[in-house]
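# Structural characterization, general
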Amino acid sequence: MQRRAFFGGAAMGAIAAASVSKVALAAVPEAVIADQPATAPPLVPTTGRPYNPVVTLNGWTLPWRMNRGVKEFHLVAEPVEREFAPGMTARLWGYNGQSPGPTIEVVEGDRVRIFVTNKLPEHTAIHWHGQRLPNGMDGVAGITQPHIPPGKTFVYEFEARRPGTFMYHPHADEMVQMAMGMMGLWITHPRGAHPLIDRVDRDFCFLLAGFDIDPGSAVPRVNTMLDFNLWTFNSRVFPAIDPLAVRQGDKVRIRVGNLTMTNHPIHVHGHEFTVTGTDGGPIPRTARWPEVSVDVAVGQMRQMEFVADVEGDWALHCHKSHHTMNAMGHAVPTMIGVDHQGLVKKLQKIVPDYMVMGERGMADMGAMEMPIPDNTLPMMTGRGPFGPAEMGGMFTLLKVRRDQKPGDYRDPGWYRHPQGTVAREWTGEMPAPARTAAPAPQKKSVPLDVRKPAGHEGHH
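## Things to note about the packing of aromatic side chains
The geometry of an aromatic ring pair is captured by two quantities: the separation of the ring centres and the angle between the planes. Summed over the entire model, instances satisfying the criterion amount to 13 aromatic pairs. Aromatic side chains W128 and Y156 sit 5.4 Å apart centroid to centroid with 80° between the ring planes, which places their arrangement in the edge-to-face category. A residue pair is termed long-range when its members are at least 10 positions apart, and W128 in strand β10 (residues 126-129) and Y156 in strand β11 (residues 153-159) qualify at 28 residues. Residue W128 shares its accessibility class with Y156, and that shared class is buried. Arranged with centres 5.9 Å apart and planes meeting at 50°, the rings of W128 and Y168 form a pair that is tilted. With W128 in strand β10 and Y168 in strand β12 (residues 164-170), this residue pair connects regions lying 40 residues apart in the sequence. For W128, a relative accessible area of 0% puts it in the buried group. A cation sits over an aromatic face here: K71 above W64, 4.5 Å from the ring centre.

## A few points about the sheet that holds β12
Reading across the sheet, the four strands line up as β8-β13-β12-β10 and stay open at both edges, with mixed pairing between neighbours. With partners counted over all chains shown, the strands left at the sheet margins are β8 (104-107) and β10, one partner each. The sheet shows a mean angle of 25° between the axes of neighbouring strands, taken without regard to direction. As paired elements, β8 and strand β13 (residues 184-189) share four bridges and run parallel to each other. By the bridge assignment for β13, V107 is matched with H189.

## A look at the nonpolar core
L75, I104, I114, W128, Y156 and W186 are the most contacted members of the largest nonpolar core, which totals 39 residues. Breaking this core down by element, the ones donating at least two residues are β6 (70-85), β7 (88-95), β8, β9 (111-118), β10, β11, β12 and α2 (174-179). When residues no more than four places from it in sequence are discounted, the contact partners of Y156 are V112, R113, I114, V116, A125, I126, W128, M137, G139, Q145 and I148.

## Observations regarding the sheet that holds strand β24 (residues 312-318)
The five strands are arranged β16-β27-β24-β18-β22 in an open sheet whose pairing can be described as mixed. Looking along the sheet, the strands with just one partner apiece sit at the ends: β16 (244-247) and β22 (293-296). Here the average twist between neighbouring strands, direction ignored, is 20°. The pairing of β16 with strand β27 (residues 395-401) spans four bridges and is classified as parallel. Considered in β27, the bridge of L244 is made with L398.

## Quick look at unusual backbone geometry
Across the junction of S99 and P100, the peptide omega takes the value -5°, indicating a cis bond. Residue placement: P100 occurs in the loop between β7 and β8. In this model, F238 is joined to P239 through a cis peptide bond whose omega is 10°. Its place among the elements puts P239 in the loop between β15 (230-233) and β16. Even without being glycine, N96 reaches a positive phi, approximately 55°. Mapping N96 onto the fold places it in the loop between β7 and β8. Under the relative-accessibility criterion, N96 is labelled buried at 0%. Within the chain, N375 stands out as a residue other than glycine whose phi angle is a positive 55°. One can find N375 in the loop between α3 (341-350) and β25 (381-384). Its relative accessible area of 22% is what places N375 among the partly exposed residues.

## Quick word on a nonpolar patch on the surface
Taken together, the side chains of M175, M225, L226 and M261 make up a nonpolar region of the molecular surface, amounting to roughly 400 Å² of accessible area. Structurally, M261 is set in the loop between β17 (251-258) and β18 (264-268). For M261, a relative accessible area of 40% translates into the label partly exposed.

## What about the environment of G48?
Looking at the element boundaries, G48 is found in the loop between β3 (31-33) and β4 (55-56). We classify G48 as partly exposed; its relative accessible area is 48%. Separated by 22 residues in sequence, G48 and V70 place their C-alpha atoms 8.8 Å apart.

## Re the side chain of N96
Polar contacts involving the side chain of N96 include one to the main-chain carbonyl oxygen of V32, which spans 2.9 Å. Apart from residues lying up to four places away in sequence, N96 is in contact with A31, V32, I33, A34, W60, L62, H74, L75, V76, E78 and P102.

## Thoughts on the pattern of salt bridges
With the rule as written, the count across this model stands at 20 salt bridges. With a shortest N-O distance of 2.5 Å, R113 and E72 are connected by a salt bridge. One end of the pair, R113, is in strand β9; the other, E72, is in strand β6, and 41 residues separate them in sequence. On the basis of relative accessible area, R113 is assigned to the buried category, the value being 6%. Assessed through its relative accessible area of 1%, E72 is described here as buried. Note that R111 is salt-bridged to E157, the shortest N-O span being 3.4 Å. In this pair, R111 sits in strand β9 while E157 sits in strand β11, placing the two residues 46 residues apart along the sequence. The partly exposed category is assigned to R111, whose relative accessible area is 38%. By relative accessible area, which is 13% here, E157 ends up buried. One network of salt bridges, with partners in common, ties together D198, D203, K251, R253, R255, R285 and E305.

So, how was this worked out
- Residues numbered from 1 in each chain as written.
- Predicted model: local features only at pLDDT ≥ 70, side-chain atom pairs only at ≥ 80, totals over all residues.
- Heavy atoms only, no water.
- Phe/Tyr/Trp six-rings, centres within 6.5 Å; stacked < 30°, edge-to-face > 60°.
- Helix = DSSP H or I, 4+ residues; strand = E, 2+ residues; numbered from the N terminus.
- Buried < 20%, exposed > 50% of the residue type's maximum accessible area, 1.4 Å probe, protein only.
- Lys NZ or Arg CZ within 6 Å of the ring centre and 35° of its normal.
- Pairing = 2+ DSSP bridges.
- Axes fitted to C-alpha atoms, helices over the stretch in contact; angles between N-to-C directions.
- Core = buried A, V, L, I, M, F, W, Y, C linked by side-chain atoms within 4.5 Å.
- Contact = heavy atoms within 4.5 Å.
- Patch = residues over 30% accessible without salt bridge, like charges linked within 9 Å, V, L, I, M, F, W, Y side chains within 5 Å.
- Areas by Shrake-Rupley, 256 points an atom, 1.4 Å probe, with all protein chains shown as cover.
- Salt bridge = Lys/Arg side-chain N within 4 Å of Asp/Glu carboxyl O.
- Polar contact = N/O pair within 3.5 Å; in protein donor to acceptor, adjacent residues only side chain to side chain.

Printed below as a string of structure tokens:
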């Protein structure tokens, strides 16, 4: 990360969304800028109230400074470049060098002051999704505050009143700015012990986002409403999404926020979890339910908790199959069972790189090396220790290891399965299938009494 100050002194031209003391506006905290897409280690607080920090998957937590008891942050709305995976970089809008922007972590009861500098070519504003705050701090441009013009800095100030997982995003030209990647997570930790919030060993969070980027291009199509072709965890696609590395026996919390245009059923393999919270707050213990998949609807957050008690590399993904693919075309016909090898030979005389697609299903896409446009990812990608994974998009791995040290989030590599615990080819005798003959249907004569209508009585 880099620290650099945007504007300074009187030239900054700070404009307050509500009245702020002259002392607070005398100097704006430095803007911390991220320039790499890896998962940053948790930011352990050194000032303010203590808390157990989260780990943002392929993201980071925004540092702050304390100013007379107020926790101050500086967000910069600006054009950014985000590497979805090696080989593809998107030109987006975001905050502090990345999309999504950095996670903001505070503690229940904190007085928070956020400076927002607009480096975009148009005006903006920030809505603090799910927060209880004064109406003038809610961030709806034109309704609760003036727009933030390009080159200006506004300031928001309020108290973090309740613990939970929240989000932030624009409420100005929202369709464009959110489609371009402007969003971020906000975590409010409980102040001390909380009857509904357990202490966990590993606390992960990430946002779901969708983009429509034509193959070979880098800028999203902002006018697309539902026909997206790239689905991401924190603006990364598999296999470039970092794994969730945990120690066997750890109690794990996963917080997932959804700012896409559709719902996402998030599924965890090998473990059942309890749904413990929404963006409305922690769920009462008597109302919690066990799951292996939880649907995260548009504009919602879901929080899952479980004990990672089984070693292995367990898949964690959206259960909509087309959300685990990259750059998927929606107008590709189904060619299963169609023999077009003769046609292929003729076409290859004209187009040497032409390849057969889909006559046996689409699994071949996971292994073929088909020429694709620059800055475009294969539709099905990623490899595991046994071959092509045939996955992309919203897919990663929960890696549970008995020897993963506390506080170590590094990728432990592929799981080494104990002998005899991997599905394998059967080479022994195959018993003849037992077939149960269905009983012959009993014939039963049913007398029919048919009467033809006569005349036209009753017809009008």
